[in-house]
There are 2 protein chains.
Amino acid sequence: MILTVTVNTALDVTYRVPALLPHAAHRVTEVAERPGGKGLNVARVLAALGHEVTVTGFAGGPTGRVVRDLLTGVTDALVPCAAPTRRTVAVVDQRTGDATQFNEPGPVVTPAEWSAFQEAYERLVAGADAVALCGSLPPGVPVGAYASLVRTARAAGVPVLLDTSGEALRRAVAARPDLIKPNAEELAELTGSHEPLRATQDARRRGARSVVASLGPQGLVAATPEGRWRATPPARLRGNPTGAGDAVSAGLLSGLVEGLTWPRTLARAVALSAATVLSPTAGDFDRAAYEDLAGRVAVTGEVTAA
Amino acid sequence: MILTVTVNTALDVTYRVPALLPHAAHRVTEVAERPGGKGLNVARVLAALGHEVTVTGFAGGPTGRVVRDLLTGVTDALVPCAAPTRRTVAVVDQRTGDATQFNEPGPVVTPAEWSAFQEAYERLVAGADAVALCGSLPPGVPVGAYASLVRTARAAGVPVLLDTSGEALRRAVAARPDLIKPNAEELAELTGSHEPLRATQDARRRGARSVVASLGPQGLVAATPEGRWRATPPARLRGNPTGAGDAVSAGLLSGLVEGLTWPRTLARAVALSAATVLSPTAGDFDRAAYEDLAGRVAVTGEVTAA
């Protein structure tokens, strides 16, 4: 079982409008809702790949209830909180396909709720093959939260992937996670370097065992104890990048638990990410595109001498 | 008891953002929610004026549950429907105070649900001193719905105020409501005339017993069997006009059930509307401003010779 943690779960609401005009009133022509937050997105992709997945994090209020009702294909181990789960609203302009995003801040989690979550997490980790810690922290959760969750997983001998940013990332890296997956901006914020090859190495020195940086259309750069690689999609892709980063996390985790080599794992992650960009539904991946792309990702690199 | 009908109830969500930028991602700094739809807004003002109010219409799904939980000071006689109640999202730009509005279309109401509502409405009307029929019709409700609800109220001898637009207004006017409260645009659409004095008279000929047109900052124009009046606020007001029209409806209804003269009723409606524009909270009225303004509204007109 793979455990994904989404401390700040969300209900992702998508509105389609004929045209977005600031300060006007808009009739929404189409409303779509689904569970959101990075960890739930990663779980959806892992489940589609055939993995057994359990999701945890917080769910509260009427929005939390909707999130739980909409979860399919994964085991729901979300922990209740009193304050309501946040919504995100993406307004898609039908002329251009561009989205304007509004993200609620998330529930204020109480110290007692955070303790209850940590206990639930410790029990779940004991039965997990790998753990993913994903996304932002809601108000009330201490900034060192991910560092503590990384330590719990390491103590249980369970590999942990971390995908977050800012101070939460900085602190958790010092707790020595197995794998971090920053984008270029998060990596630069962590290391102070805008040069991805240098920055991935620097992030390893700060405590991450392996670092896979996602560089958007340029693919992935990996720095690991086993070697360094670069994986690039076969062509420049047009589409919606929403969820592409979460598809990378899912690809990396699935490669990890299946014991794939780094080049095969990175190729899978890039193919999943590209197939997500190409999908007509934001955040889903196009399975035919994935299967086609999986064999066509270029991976170059060098293995570390044993 | 005053009965207000909101067939297409809503959960009104307000987001404050530092600045609205199309195609960007926004962190929402403040989220507020409250029951919405014109009839629920009218009910809130009537309750604040000390009237006993019952609200009906549809409520469905998780959003309907939230609407019902947030109702205070009024009797909840909403009728359940299977599809979820709509949300409206107002995004307020903190730099300018301007709002950008997104309105979901509303639940599809089934024929069986519409029948159940009509039965509930008939029972409620029997105990009402006056009825307000407010707002748009959700998908599935026949366009002649308000005409039928007007007839039911008239058969029970209960005066009925109607505030809607388009074809639903046109059909319901033919059913001879006691009072309609169109704005200038709705009145022009109904009558084809952009001249308010002429148009209010024309709307009476089409079936409405009395017509009170709201002309925004210019106040109200009334055409009734008792006479014709114009009521204007004492000064040009700066503020948020959200809910000002619903405050007019509440003022008219309260004057009607209290047996006030038309000039006193119109003065109250204008003062409530102005106090709503001046309120820091959209849709609420500022009580001190209301009490101050109530004596300072200019009403001019002529009484019909008996």
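Reading guide: rules and limits
Residues numbered from 1 in each chain as written. Chains lettered and ligands numbered in written order. Predicted model: local features only at pLDDT ≥ 70, side-chain atom pairs only at ≥ 80, totals over all residues. Heavy atoms only, no water. Helix = DSSP H or I, 4+ residues; strand = E, 2+ residues; numbered from the N terminus. Contact = heavy atoms within 4.5 Å. Buried area = accessible area lost by both parts, 1.4 Å probe. Salt bridge = Lys/Arg side-chain N within 4 Å of Asp/Glu carboxyl O. Polar contact = N/O pair within 3.5 Å; in protein donor to acceptor, adjacent residues only side chain to side chain. Nonpolar A, V, L, I, M, F, W, Y, C, P; charged D, E, K, R; others polar. Buried < 20%, exposed > 50% of the residue type's maximum accessible area, 1.4 Å probe, protein only. Axes fitted to C-alpha atoms, helices over the stretch in contact; angles between N-to-C directions. Parallel < 35°, antiparallel > 145°, perpendicular 65-115°, else oblique. Left-handed = near helix turned anticlockwise from the far one by under 90°. Least-squares fit on C-alpha atoms with pLDDT ≥ 70 in both. Phe/Tyr/Trp six-rings, centres within 6.5 Å; stacked < 30°, edge-to-face > 60°.

## Side note on the side chain of Asn41(A)
Part 1 of the reasoning: Its location among the elements puts Asn41(A) in helix H1 (residues 38-48).
Part 2 of the reasoning: Not counting the four nearest positions on each side in its chain, Asn41(A) is found in contact with Pro35(A), Gly36(A) and Asp246(A).

## With respect to the side chain of Thr56(B)
Part 1 of the reasoning: Note on placement: Thr56(B) falls in strand E5 (residues 53-60).
Part 2 of the reasoning: Setting aside its immediate chain neighbours within four residues, Thr56(B) contacts Leu3(B), Thr4(B), Val5(B), Thr6(B), Ala77(B), Leu78(B), Val79(B), Phe117(B) and Leu124(B).

## Structural notes on the interface of chain B and chain A
Note: interface size is frequently given as the accessible area lost on complex formation between the parts.
Part 1 of the reasoning: With 30 residues of chain B in contact, the opposing surface of chain A contributes 30 residues.
Part 2 of the reasoning: For the pair chain B and chain A, the two sides together bury roughly 2,300 Å², of which 61% comes from carbon and sulfur.
Part 3 of the reasoning: Looking only at chain B, the three residues that lose the most surface to chain A are His23(B), Arg87(B) and Phe102(B), adding up to 27% of its buried area.
Part 4 of the reasoning: Summed over the shared surface of chain B and chain A, the result is 2 salt bridges.
Part 5 of the reasoning: Notably, a salt bridge pairs Glu33(B) with Arg87(A), separated by 2.4 Å at the nearest N-O pair.
Part 6 of the reasoning: Linking chain B with chain A are 14 residue pairs in polar contact (both at pLDDT 80 or more), by the criterion used here.
Part 7 of the reasoning: When contributions to the side of chain B that touches chain A are tallied by element, the ones reaching two or more residues are strand E2 (10-17), strand E3 (25-27), strand E4 (30-36), helix H2 (61-70), strand E8 (86-93) and strand E9 (99-103) of chain B.
Part 8 of the reasoning: The element that contributes the greatest number of residues to the side of chain B that touches chain A is E9(B), accounting for 5 residues.
Part 9 of the reasoning: The residue inventory of the side of chain B that touches chain A, partitioned by class, reads 18 nonpolar, 6 polar and 6 charged.

## Focus: unusual backbone geometry
Part 1 of the reasoning: Backbone geometry places His23(A), a non-glycine residue, at a positive phi of 75°.
Part 2 of the reasoning: Topologically, His23(A) is positioned in the loop between strand E2 (10-17) and strand E3 (25-27).
Part 3 of the reasoning: Among the residues examined, His23(A) registers a relative accessible area of 40% and is labelled partly exposed.
Part 4 of the reasoning: One non-glycine residue with positive phi stands out, namely Arg176(B), at about 65°.
Part 5 of the reasoning: By relative accessible area, which is 47% here, Arg176(B) ends up partly exposed.

## Side note on the packing of helix H6 (residues 184-191) of chain B against helix H7 (residues 196-206) of chain B
All names here are of chain B.
Part 1 of the reasoning: Put simply, H6 and H7 touch, their axes get as near as 9 Å, and they point 55° apart. Between H6 and H7, the angle is such that the two are oblique. Both H6 and H7 take part in a crossing whose hand is left-handed. Residue-level contacts link Leu-187, Leu-190 and Thr-191 of H6 to Pro-196, Ala-199, Thr-200, Asp-202, Ala-203 and Arg-206 of H7.
Part 2 of the reasoning: When the residues that make up the contact of H6 with H7 are grouped by side-chain class, the tally is 5 nonpolar, 2 polar and 2 charged.

## Some points on the relation of the copies chain B and chain A
Part 1 of the reasoning: For the pair chain B and chain A, the superposition axis carries a translation of 0.0 Å, the fit reaches an RMSD of 0.0 Å, and the rotation angle comes to 180°. The superposition of one copy onto the other is thereby described by a two-fold rotation axis. Nearest to the rotation axis, the C-alpha of Pro62(B) is located 3.1 Å from it, this being the minimum over chain B.
Part 2 of the reasoning: In this assembly the copies share their binding face: 100% of the residues contributing to the interface of chain B also contribute to that of chain A.

## Quick word on the packing of aromatic side chains
Residues and elements named next belong to chain A.
Part 1 of the reasoning: A complete count under the given rule lists 11 aromatic pairs over all chains for this structure.
Part 2 of the reasoning: Ring geometry for Phe-117 against Tyr-121: centres 6.0 Å apart, planes inclined by 25°, an arrangement best described as stacked. With Phe-117 and Tyr-121 both in helix H3 (residues 111-126) and 4 residues apart, this pair spans about one turn of that helix. The pair formed by Phe-117 and Tyr-121 is uniform in burial state, with each residue classed as buried.
Part 3 of the reasoning: Put simply, the rings of Phe-58, Trp-114, Phe-117 and Tyr-121 pair up and form one aromatic cluster.

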